[in-house]
Amino acid sequence: MITLSYSGGILLYLLIWLVTIGILWARELWRNRAYSWESNSRRILNCPGCHVSFTAPDNANVTRCPQCNSICFYRKR
């Protein structure tokens, strides 16, 4: 049988939690890098009619909403 004092048990418990948090943090950093997307040549627009967000080509100032087919304008602010 392994004997474990109270202070050793608390230290082991904290060490397990720190390792778990470290693994979850590293996994989140990996997921952000692996699944991130860039919109270099696209713009994100929001339809004023149905409030759907969608991407449009960067050179287009006028496009149609893919859901309700209404015309959406890109206004620079």
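Refer to the preceding data block for the structure.
Residues numbered from 1 in each chain as written. Predicted model: local features only at pLDDT ≥ 70, side-chain atom pairs only at ≥ 80, totals over all residues. Heavy atoms only, no water.

Peer 1: I keep staring at the overall build of the chain and nothing clicks. Help me out?
Peer 2: For the chain, the count of helices and strands is 1 helix and 4 strands. Secondary structure elements in the chain, listed N-terminal to C-terminal, are α-β-β-β-β. Taking all 77 residues of the chain together, the buried fraction comes to 12%. (Helix = DSSP H or I, 4+ residues; strand = E, 2+ residues; numbered from the N terminus. Buried < 20%, exposed > 50% of the residue type's maximum accessible area, 1.4 Å probe, protein only.)

Peer 1: Is there a simple way to think about the packing of aromatic side chains in this case?
Peer 2: Given two aromatic rings, their pairing is described by the distance between the two centres and the angle made by the two planes. This structure, assessed with the given rule, holds 1 aromatic pair. For the ring pair Y13 and W17, a centre distance of 6.3 Å and an interplane angle of 75° mean the geometry is edge-to-face. Of this pair, Y13 and W17 are both found in helix 1 (residues 6-35), 4 residues apart, which corresponds to roughly one turn of the helix. (Phe/Tyr/Trp six-rings, centres within 6.5 Å; stacked < 30°, edge-to-face > 60°.)

Take it as geometry only, folks, not as evidence of what the structure does.
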